[in-house]
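# Close look at the chain arrangement
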Amino acid sequence: MSATVYRVPTDTVAVALGADAIAAALHAAGQPVIRTSSRGALWLEPLVERVEGDTVTGFGNVTAADVPALLAGSLPDLGDPGALPFLAKQKRSIFRRAGLTDPLSIKDHQATGGWAGLAQALALGPVATVEAIMTSGLRGRGGAGFPAGIKWRTVAGASGPKKYIVCNADEGDSGTFADRMAIEGDPYVLIEGIAIAGFAVGADEGIVYLRSEYPLAIKVLREAISRAEAAGLLGPDALGPGQPFTLSVFVGAGAYICGEETSLLESLEGRRAQVRAKPPIPALAGLHGKPTLVHNVLSLCSVPDILVNGAEWYQALGIGRSTGTQPFQLAGNVKYGGLIELPFGVTIRTLVEEYGGGTRSGRPLRAVQVGGPLGAYLPDHLLDTRLTYEDMAAIGGGVGHGGLVVFDDTVDLLDQARFAFEFCAFESCGKCTPCRIGSTRGKETLDKLRAGDGSAAALIADLCETMTDGSLCALGGMIPIPVQSAMQHFPEDFDSAPLRASA
């Protein structure tokens, strides 16, 4: 008879809901426990799994007080968690180890195909590795969707004795958590992706810029780096005899603007985070003026599987120029919130209704914001739009970092538009006038509209045009997207503003 083992996740959400106390109670009862990552079904956390040979039984929303019933066999179970429709219908690449391995075990990582991507890159050589990324069609997962291969080619072709890989882990978009889950749950796939990028473009040093609001991710990544160094996977011979690659973690102070790559570089260099004018681009003159490849966490985590399975395999997963998979994140007023990794092309409605189960409140769904605080508010008639870069652009929106925030029919879209301006005013680096001043004027103008000044709507349109065309970076340039989408798709919330103000 196989020994029984319990899996208890170490993910931030699970820990916040009592996972550590559950693990301690199981230990106290003499039960073997493995601390794994989260599967991403966050509405079930803490999700505890009992493993008996090949049989896995899940128990959702467990508390430490439930442990006696769990051990007695009287706690209701979910069956095999992997068979739940939320998980079974996904097609995972980046998160294929989620919930199954010990995040800090190099042995677990290698047993599930870890480091095979780096081995393949070393066998191909730098030029062929860059071309594999180019052919795959991988695009930046941080929001801009810029072709990764072009960045790699540019940095690889840049001259200079020193180059850097910078991983942008400053995940600041509302409703997003995939970067955090990747780092906490599978740090070695990120380390491997960064090392492959370093080998391909000729960099010998990597830095992960990680936000201070993620203390567990910081702890896990630093420990993973330490273990990788001890195993010789990082250090003086990481990329072959005499070919070093080092990696470190830099903790940011939590400014949203540091998600913009040049502001991030300013912060790394010890200065106030402000947007740099381009050119020069970071690929030619980035960190400390050296050629620098800046990528999001999910972009780099995609790299090992591309090398192992081939660029054509990755192309086949998506649609058109939106290739591969995207970890979508469901949050807000949704029944089943969590992480859903699927190839590009799934519709917004499928994610919200089939995976998310509709609103948590049970009230009618009214709007979905796609792409974080700079994303568009979309009404019901646009929810059948496919999530690709091209389809979303066609309706005035974007995929962003893959976050979807759900709202029921109680939401006030004028309030949400006002929040967009308020958010921009608070997070602006202050370097350019359209963003610094425009965001404040926008909030004030919406307040006038709320108070009954009907002429304010035209002023908002002019202001949005100025911010779009005149801002130095995407913060000011894209804030008009949520504002204008709210006004376009939900005009009744703006037309009736004077009535509601006097009610």
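These notes cover the structure that comes with them. (Residues numbered from 1 in each chain as written. Predicted model: local features only at pLDDT ≥ 70, side-chain atom pairs only at ≥ 80, totals over all residues. Heavy atoms only, no water.)

## Notes on the nonpolar core
Counting residues in hydrophobic clusters, the biggest one holds 64 residues, and the most contacted among them are Phe95, Trp152, Ile191, Ile194 and Leu210. Element by element, the count of residues in this core is highest for helix α10 (residues 187–201), at 11 residues. In this view, Ile194 contacts Ile165, Cys167, Gly206, Val208, Phe245, Leu247 and Leu300; residues no more than four positions away in its chain are not counted. Among the nonpolar cores identified, the runner-up in size contains 44 residues, and Leu265, Val275, Tyr377 and Ile460 belong to it. (Core = buried A, V, L, I, M, F, W, Y, C linked by side-chain atoms within 4.5 Å. Buried < 20%, exposed > 50% of the residue type's maximum accessible area, 1.4 Å probe, protein only. Helix = DSSP H or I, 4+ residues; strand = E, 2+ residues; numbered from the N terminus. Contact = heavy atoms within 4.5 Å.)

## A few points about the sheet that holds strand β12 (residues 376–378)
The five strands are arranged β10-β9-β13-β11-β12 in an open sheet whose pairing can be described as mixed. Looking at which strands have only one partner, the edges of the open sheet turn out to be β10 (338–343) and β12. Within the sheet, the average angular offset between the axes of one strand and its neighbour, ignoring direction, is 25°. Pairing between strand β11 (residues 365–370) and β12: three bridges, direction antiparallel. Residue pairing for β12: Val368 is matched across the bridge by Leu378. (Pairing = 2+ DSSP bridges. Axes fitted to C-alpha atoms, helices over the stretch in contact; angles between N-to-C directions.)

## Looking at the packing of helix α17 (residues 413–427) against helix α21 (residues 480–489)
Geometrically, a packed helix pair is captured by the angle between its two axes and the distance between the axes. In the contact formed by α17 and α21, the axes pass within 8 Å of each other and the chain directions differ by 165°. For the element pair α17 / α21, the angle class is roughly antiparallel. Judged by the twist between their axes, the crossing of α17 over α21 is left-handed. Across the interface between the two elements, Leu413, Ala417, Ala420 and Phe421 from α17 touch Pro482, Val483 and Ala486 from α21. (Parallel < 35°, antiparallel > 145°, perpendicular 65-115°, else oblique. Left-handed = near helix turned anticlockwise from the far one by under 90°.)

## Overview of the packing of aromatic side chains
By the definition in use, this model includes nine aromatic pairs. Taking 6.3 Å as the distance between ring centres and 75° as the angle between the ring planes, the aromatic pair formed by Phe86 and Tyr355 counts as edge-to-face. With Phe86 in helix α4 (residues 85–88) and Tyr355 in helix α15 (residues 348–355), this pair connects stretches of sequence that are 269 residues apart. Between the aromatic rings of Tyr256 and Phe423, the centroid separation amounts to 4.8 Å while the plane-to-plane angle is 75°, which identifies the pairing as edge-to-face. (Phe/Tyr/Trp six-rings, centres within 6.5 Å; stacked < 30°, edge-to-face > 60°.)

## Structural notes on the environment of Ile94
Within the secondary structure, Ile94 sits in the loop between α4 and α5 (106–111). Along the primary structure Ile94 and Leu298 are separated by 204 residues, whereas in three dimensions their C-alpha atoms are 7.4 Å apart. Apart from the residues within four sequence positions on either side, Ile94 is in contact with Asp186, Leu298, Cys301, Ser302, Pro327 and Glu341.

## Thoughts on the pattern of salt bridges
Applying the stated criterion across every chain yields a total of 35 salt bridges. For Glu213, the salt bridge is made with Arg211, and the minimal N-O distance between the two is 3.4 Å. With a relative accessible area of 41%, Glu213 lands in the partly exposed category. We classify Arg211 as buried; its relative accessible area is 8%. The salt bridge involving Glu444 is made with Arg441; its shortest N-O contact spans 2.7 Å. Of this pair, Glu444 and Arg441 both sit in helix α18 (residues 433–451), three residues apart, which is roughly one turn of that helix. (Salt bridge = Lys/Arg side-chain N within 4 Å of Asp/Glu carboxyl O.)

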